[in-house]
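Analysis of the macromolecular model
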Amino acid sequence: AQSVTQPDIHITVSEGASLELRCNYSYGATPYLFWYVQSPGQGLQLLLKYFSGDTLVQGIKGFEAEFKRSQSSFNLRKPSVHWSDAAEYFCAVGNNAGNMLTFGGGTRLMVKP
Amino acid sequence: DSGVTQTPKHLITATGQRVTLRCSPRSGDLSVYWYQQSLDQGLQFLIQYYNGEERAKGNILERFSAQQFPDLHSELNLSSLELGDSALYFCASSVEGLGGTGELFFGEGSRLTVL
């Protein structure tokens, strides 16, 4: 069965500082990996995705993520955080059949001025 | 705006009651997914429909059912409601399954409170 672990429930960073959100997955084959962001009162928005190829993927809003098969990880990074990045971030893994997305528990990001 | 519309946005009801949540997918999307988000369970996949047919089923209770109509809108029916069913229910849509565009477009959710 596929699963996703986001070890950090809450993270606080200062505005302008760099950010890394951790994600570890469990899946038997090559996974489809995603990062979504949920702002308060909103639905989830896709930040970026990995299917195959280059293990460093670029997303929207200046985010990037790196797929590391040896570590079963897909960490999300941003070099300089803005106050508007405060939100909850979800890592997800999709199955090869393309019909089920399993989410991690989420990481709530707070940004200090 | 994702293009996915969910109604109602908020719903308060009593235990034992039945409610229906409605979802209109993005124009052209054939797949509809339902997810439940609660504090203790996180985001849980419930069920997927593709062009009117059930494609995949996740942790959906027997008291819950869904369908997708010929116009592609979907409804999630929750019956014999319990306090623990209080949650945010999301609908998402995609052109095909994840293997296609790889992106689900989420609505803003329907918040259900069971008293």
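Just above, that's the structure.
Residues numbered from 1 in each chain as written. Chains lettered and ligands numbered in written order. Predicted model: local features only at pLDDT ≥ 70, side-chain atom pairs only at ≥ 80, totals over all residues. Heavy atoms only, no water.

Things to note about the overall build of chain A
Counting secondary structure elements, chain A contains 0 helices and 12 strands. Traced from its N-terminal end to its C-terminal end, chain A shows the element sequence β-β-β-β-β-β-β-β-β-β-β-β. Here the C-alpha radius of gyration of chain A, 13 Å, is about what a compact globule of 113 residues would show, namely 13 Å. Dimensions of chain A along its principal axes, counting C-alpha atoms only, are 40 × 30 × 20 Å. Sequence-distant contacts in chain A: of pairs separated by 6 or more residues, those separated by 24 or more amount to 54%. For chain A, the exposed surface amounts to about 5,200 Å²; the carbon and sulfur share of it is 49%. (Helix = DSSP H or I, 4+ residues; strand = E, 2+ residues; numbered from the N terminus. Rg over C-alpha atoms; globule rule 2.2 N^0.38 Å. Contact = heavy atoms within 4.5 Å. Areas by Shrake-Rupley, 256 points an atom, 1.4 Å probe, with all protein chains shown as cover.)

Focus: the side chain of Asp85 of chain A
All names here are of chain A. Considering the arrangement of structural elements, one finds Asp85 in the loop between β9 (73-78) and β10 (87-94). Residue class for Asp85 comes out buried when judged on its relative accessible area of 4%. A distance of 2.8 Å separates the side chain of Asp85 from the backbone nitrogen of His82, its partner in a polar contact. Other than its neighbours up to four places away in sequence, Asp85 contacts Phe63, Lys78, Ser80 and Leu109. (Buried < 20%, exposed > 50% of the residue type's maximum accessible area, 1.4 Å probe, protein only. Polar contact = N/O pair within 3.5 Å; in protein donor to acceptor, adjacent residues only side chain to side chain.)

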